[in-house]
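# A closer look at the structure
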Amino acid sequence: QSISAAFESIYRQHGVAGLWRGVTGAVPRVAVGSAAQLATFAAAKDWVCQRGWFGEGSWAAVLAGGMVSGVAVAVTMTPFDVVSTRLYNQPVDADGAVRSWGTRGSPRGRTGPGVRSRLLSPQGKLYRGFWDCVLQISGKEGLLGLYKGIGAVYLRLGPHTVLSLFFWDELRKM
């Protein structure tokens, strides 16, 4: 099997929207994570320099700012990772019917077996969307349920954030 065969299979089963399943959790994740990364890096770098811990423009100040930024990125992105993972991995209706807030059938009111749109993907069996997933997780598992796996997220994003910001800062000096 190839990746193109996987795309074809997803398209045949779920239409165009099947290829975009879970994007409602991924796009906000990237936006929030990038904002946290850039805002905390500059603030943390300035803070350690103002305290006199590291000299202005030193590589140590950049690394310290990157480490603080890595923590902020992990804290802000983990809930989105948890929600996205749950949305991606939930089972969907076998019949391909589109469901929305308790109604069966297509959004235009046509219902019944075999009615489905090539532009809409099947409804998940566990969650109705991003916010429903957030509410169910926090309701059943508490707010800390949104932070499952934060250690692994930091181990993945921390070094990436530190190195990316270090090289970005060095390239800006050129």
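Residues numbered from 1 in each chain as written. Predicted model: local features only at pLDDT ≥ 70, side-chain atom pairs only at ≥ 80, totals over all residues. Heavy atoms only, no water.

### Quick notes on the overall build of the protein
- Scanning the protein for helices and strands turns up 5 helices and 2 strands.
- Each helix and strand of the protein, ordered N terminal to C terminal, gives the series α-α-α-β-β-α-α.
- Within the protein, residue pairs in contact and separated by at least 24 positions form 77% of the contacts whose partners lie at least 6 positions apart.
- Carbon and sulfur atoms form 66% of the exposed surface of the protein, whose accessible area is close to 10,700 Å². (Helix = DSSP H or I, 4+ residues; strand = E, 2+ residues; numbered from the N terminus. Contact = heavy atoms within 4.5 Å. Areas by Shrake-Rupley, 256 points an atom, 1.4 Å probe, with all protein chains shown as cover.)

### Concerning the packing of aromatic side chains
- Taken as a whole, this structure holds 5 aromatic pairs when the rule is applied.
- For the pair F41 and W168, a centre-to-centre distance of 6.0 Å together with 65° between the ring planes defines the contact as edge-to-face. Highlighted residues: F41 in helix α2 (residues 23–50) and W168 in helix α5 (residues 150–172), separated in sequence by 127 residues.
- An aromatic cluster is present here, built from F80, F130 and W131 joined pairwise through their rings.
- Its guanidinium or amino end placed over the ring of W168, R172 lies 4.8 Å from that ring's centre, counting from NZ or CZ. (Phe/Tyr/Trp six-rings, centres within 6.5 Å; stacked < 30°, edge-to-face > 60°. Lys NZ or Arg CZ within 6 Å of the ring centre and 35° of its normal.)

### Looking at the confidence of the model for the protein
- Looking at the protein as a whole, the pLDDT averages 83, with 82% of positions reaching at least 70.
- Across the protein, the element-wise mean pLDDT spans from 40 in strand β2 (residues 103–104) up to 94 in helix α4 (residues 130–141).
- Low pLDDT (under 50) marks residues 98–119, which in the prediction has 29 contacts with non-local residues, meaning those over four places away or in another chain. (pLDDT = per-residue confidence, 0-100.)

### Here we look at α5
- Counted at 1.5 Å a residue, the expected span for α5 with its 23 residues is 33 Å, and the 31 Å between its end C-alpha atoms agrees.
- Taken as a whole, α5 carries its principal kink of about 30° at L157; the proline P159 stands between one and four residues after it.
- Turning to α5, its buried residues are V153, L157, G158, T161, V162, L165, F166 and D169. (Expected span 1.5 Å × (residues − 1). Bend = angle between axes of the 7 residues up to and from the residue. Buried < 20%, exposed > 50% of the residue type's maximum accessible area, 1.4 Å probe, protein only.)

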